[in-house]
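# Geometric and topological summary
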Amino acid sequence: LSSDGGTNDIVTFSTEFKVGDATTIEVNETDAPVVTPLAFSRDLPATKTAGEDNDAVWDVEVTGGRLPYSYKWYYGSVLIDPAVNPTAATATLVNRAVTSASAGSYHCEVTDKTGAKITSVTSVLTVSV
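The paragraphs below set out a description of the structure included in this document. (Residues numbered from 1 in each chain as written. Predicted model: local features only at pLDDT ≥ 70, side-chain atom pairs only at ≥ 80, totals over all residues. Heavy atoms only, no water.)

Attention now goes to the overall build of the protein chain. What the protein chain contains, in helices and strands, is zero helices and 10 strands. Along the protein chain, helices (α) and strands (β) appear in the sequence β-β-β-β-β-β-β-β-β-β when read from the amino end. The 129 residues of the protein chain split such that 26% are buried. Residue pairs at least 24 apart in sequence account for 59% of intrachain contacts in the protein chain once pairs closer than 6 positions are excluded. Roughly 8900 Å² of accessible area belongs to the protein chain as shown, and the carbon and sulfur atoms make up 52% of that amount. (Helix = DSSP H or I, 4+ residues; strand = E, 2+ residues; numbered from the N terminus. Buried < 20%, exposed > 50% of the residue type's maximum accessible area, 1.4 Å probe, protein only. Contact = heavy atoms within 4.5 Å. Areas by Shrake-Rupley, 256 points an atom, 1.4 Å probe, with all protein chains shown as cover.)

Dropping the structure here:
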C-alpha cells in the first residue's frame, strides 16, 4: 500500500494484486478495531469511613471494552435507583449526608456497549458519629 498526503490531508490508498490461477479475488473490509478487555484502572477501596451527615463518595475508572459504558451501583445486593440518586448511573457515586443506616457494603457494575460486564471490589462504609 502507498499513500501521498500530510497529516491533515485527505489520503488515497491504492494497491495492486496479482492473481494466479483465479479469475476473481475478494477483498473484505473490517472496521472492527482490536478491543482490549474491559477492566478497572481505578477500583474501589476495600473500606471507607465518613462522618455522620457528611458525604461518602466512591468512584471507579474503566478502560477497554467498547464505549459507551453504563454504571450500576449497589448497596449490599440492592440496586441503587438512579431516579432517587442520579449519581448511581455514573462512574462516581455520591451518598449525601450519610447516617448510621448508610453503613454497609457498596459495589459498582460496569457494562460496555457489547454487554461485557465487570464488577468492582466491595467497599465497606463505616459511619462515625
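There is more to say, and it comes next.
The next thing to look at is the environment of Ser41. Checked against the element boundaries, Ser41 lands in strand E1 (residues 39-42). Ser41 has contacts with Glu61, Val62 and Thr63, leaving out every residue within four places of it along the chain.

Looking now at the nonpolar core. If you look at the biggest cluster of nonpolar residues, it comprises 19 residues, and the most contacted ones within it are Trp58, Tyr71, Trp73, Leu93 and Leu125. At the level of elements, strand E3 (56-59), strand E5 (70-75), strand E8 (104-111) and strand E10 (123-128) are the ones that each hand at least two residues to this core. It is E8 that provides the largest number of residues to this core, a total of three residues. Sequence-distant contacts of Leu93, defined by excluding residues within four places in its chain, comprise Ala56, Val57, Trp58, Trp73, Ile80, Asn85, Thr87, Ala88 and Tyr106. (Core = buried A, V, L, I, M, F, W, Y, C linked by side-chain atoms within 4.5 Å.)

Position of Asn85 among the secondary structure elements: in the loop between strand E6 (78-79) and strand E7 (92-95). Take Asn85: its relative accessible area is 16%, and that puts it in the buried class. Within the structure, the side chain of Asn85 is placed 2.6 Å from the side chain of Thr87, a separation counted as a polar contact. Among residues more than four places away in sequence, those in contact with Asn85 are Ile80, Leu93, Val94 and Asn95. (Polar contact = N/O pair within 3.5 Å; in protein donor to acceptor, adjacent residues only side chain to side chain.)

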